[in-house]
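Coordinate inspection notes
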Amino acid sequence: MSRRRVAAGNWKMNKTAGETRTLIRDLGNKLKGIEHGCEVLVCPPFVALETAVDAAKGTVIEVGAQNASWQKSGALTGEVSPEMLEYLGVTHVILGHSERRSIFGETDETVNARLRHVLSGSLVPIVCVGEGLADRESDRTGDVVRGQLRGSLAEVPADQADRLILAYEPVWAIGTGRTASPEMAAEVHALIRGEIAAIFGDSVAEGMRVLYGGSVKPENAAELLNEDEIDGVLVGGASLDASSFAAIIAAVG
Ligand code: 13P
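Right, let's walk through the structure included here. (Residues numbered from 1 in each chain as written. Predicted model: local features only at pLDDT ≥ 70, side-chain atom pairs only at ≥ 80, totals over all residues. Heavy atoms only, no water.)

What the largest pocket holds in volume is close to 430 Å³. For the largest pocket, the lining is made up of 20 residues, of which Lys-12, Gln-66, Asn-67, Arg-100 and Phe-104 are closest to its centre. For the lining of the largest pocket, the element with the highest residue contribution is helix α4 (residues 98–104), accounting for 4 residues. Of the residues that constitute the lining of the largest pocket, the class distribution is 8 nonpolar, 7 polar and 5 charged. (1 Å grid on protein atoms, 1.4 Å probe; cavity = no way out; pocket = protein on both sides within 12 Å on 5 of 7 lines; lining within 4 Å. Points joined across faces, edges and corners; volume = space filled by probe spheres on them. Helix = DSSP H or I, 4+ residues; strand = E, 2+ residues; numbered from the N terminus. Nonpolar A, V, L, I, M, F, W, Y, C, P; charged D, E, K, R; others polar.)

Right, let's get into the nonpolar core. Among the nonpolar cores identified, the biggest contains 65 residues, and Leu-27, Leu-166, Ile-192, Ile-196, Tyr-212, Phe-245 and Ile-248 are the most heavily contacted of them. If you tally residues by element for this core, the top one is helix α12 (residues 242–252), at 6 residues. What Tyr-212 contacts, discounting residues up to four positions off in sequence, is Tyr-168, Pro-170, Ala-173, Thr-179, Ala-180, Ala-185, His-189, Leu-224, Ile-230, Gly-232, Val-233 and Leu-234. Core analysis: the second largest hydrophobic core is formed by 12 residues, Val-6, Ile-126, Ile-165 and Leu-211 among them. (Core = buried A, V, L, I, M, F, W, Y, C linked by side-chain atoms within 4.5 Å. Buried < 20%, exposed > 50% of the residue type's maximum accessible area, 1.4 Å probe, protein only. Contact = heavy atoms within 4.5 Å.)

Around the ligand, the neighbouring residues are Asn-10, Lys-12, His-97, Glu-169, Ala-173, Ile-174, Gly-175, Gly-214, Ser-215, Leu-234, Gly-236 and Gly-237. Measuring from an oxygen atom of the ligand, one finds a backbone N or O atom of Gly-236 at 2.9 Å. In isolation the ligand offers 310 Å² of accessible surface; the protein chains occlude 96% of this area. Here the residues of the shell around the ligand are counted per class, giving 3 nonpolar, 7 polar and 2 charged. (Near = heavy atom within 4 Å. Polar contact = N/O pair within 3.5 Å; in protein donor to acceptor, adjacent residues only side chain to side chain. Areas by Shrake-Rupley, 256 points an atom, 1.4 Å probe, with all protein chains shown as cover.)

Let's shift gears to the pattern of salt bridges. This model, assessed by the stated rule, comprises 18 salt bridges. Measuring nitrogen to oxygen at the nearest pair gives 3.0 Å for the salt bridge that ties Glu-106 to Arg-114. Judged by relative accessible area, which is 7%, Glu-106 ranks as buried. (Salt bridge = Lys/Arg side-chain N within 4 Å of Asp/Glu carboxyl O.)

Attention now moves to the pairing of strand β1 (residues 6–10). β1 sits mainly inside the fold: 5 of its 5 residues count as buried. Taking every second residue as pointing to the same face, both faces of β1 are buried, with Val-6, Ala-8 and Asn-10 on one and Ala-7 and Gly-9 on the other. Pairing of β1 with strand β2 (residues 39–43) involves 5 bridges; the strand directions are parallel. Each bridged residue has a counterpart across the sheet, and for Gly-9 the counterpart in β2 is Val-42. (Pairing = 2+ DSSP bridges.)

On to the packing of helix α1 (residues 17–32) against α12. Axis separation between α1 and α12 bottoms out at 9 Å; the angle between their running directions is 40°. One way to sum up the angle between α1 and α12 is to call them oblique. The interaxial crossing formed by α1 with α12 has right-handed handedness. Taking contact as the criterion, the partners of Leu-23, Asp-26, Leu-27, Lys-30 and Leu-31 in α1 are, on α12, Ala-242, Ser-243, Phe-245, Ala-246 and Ile-249. (Axes fitted to C-alpha atoms, helices over the stretch in contact; angles between N-to-C directions. Parallel < 35°, antiparallel > 145°, perpendicular 65-115°, else oblique. Left-handed = near helix turned anticlockwise from the far one by under 90°.)

See the structure below:
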């Protein structure tokens with residue numbers, strides 16, 4: 001089965017709405033000159049999403065959010081619901097990013113609650129998993145990633161799981177300039193696919209896109225994408241510049 005590759009940019013807390021319009025326009029212009037078949041996604045901060053959707057009109061660029069609530073509405077100060085995002089024309093949402101987990105106390109349980117509510121609507125969730133440096137150094141990568149998958153994906157019905165995208169982001173590689181080697185990443189991607197097969201069955205696993213994230217740059221994207229197990233990239237810093245993200249998109253193909 002062929003899986004359509006994805007080049008996704010996680011802008012984190014960067015770019016105002018005005019800067020968002022400029023960056024999407026510049027990226028759209030660069031993409032006209034690049035042959036690519038992959039999905040192209042940008043995930044700006046919440047307050048820039050409406051602008052982003054508008055700026056992306058007439059381009060191949062899709063717009064995602066960086067989180068979404070487990071509830072449609074209610075007394076949840078600071079939260080944004082999937083329904084609100086859908087209303088704006090947002091199509092994807094990142095869930096369980098390691099910065100949400102480590103800085104804002106998200107757990108597999110909260111990620112799971114968000115995911116299950118997102119799946120009741122139409123957004124495509126991108127669920128992030130990945131081990132910390134201490135986990136890797138003590139040979140616990142497999143256990144940690146499998147545990148995050150089991151917890152985050154608990155009670156998701158198999159007929160909804162085929163919409164999911166997963167992102168493997170080793171925490172020690174995020175924003176550090178250290179990238180997992182292609183072989184290292186591919187090994188964990190294969191482990192993830194195996195776990196997905198155990199949870200949802202072979203056909204869901206075969207079709208699931210598993211993205212790699214962590215210091216992806218134009219210089220290392222092509223060798224990562226050489227690995228069959230790597231179905232695309234989730235890019236932080238290098239997605240904030242139209243030229244470097246366009247070069248990564250070209251490498252994704
Ligand atoms: P960097 O590409 O800046 O390392 O960030 C990766 C990431 O966290 C994407 O979600």
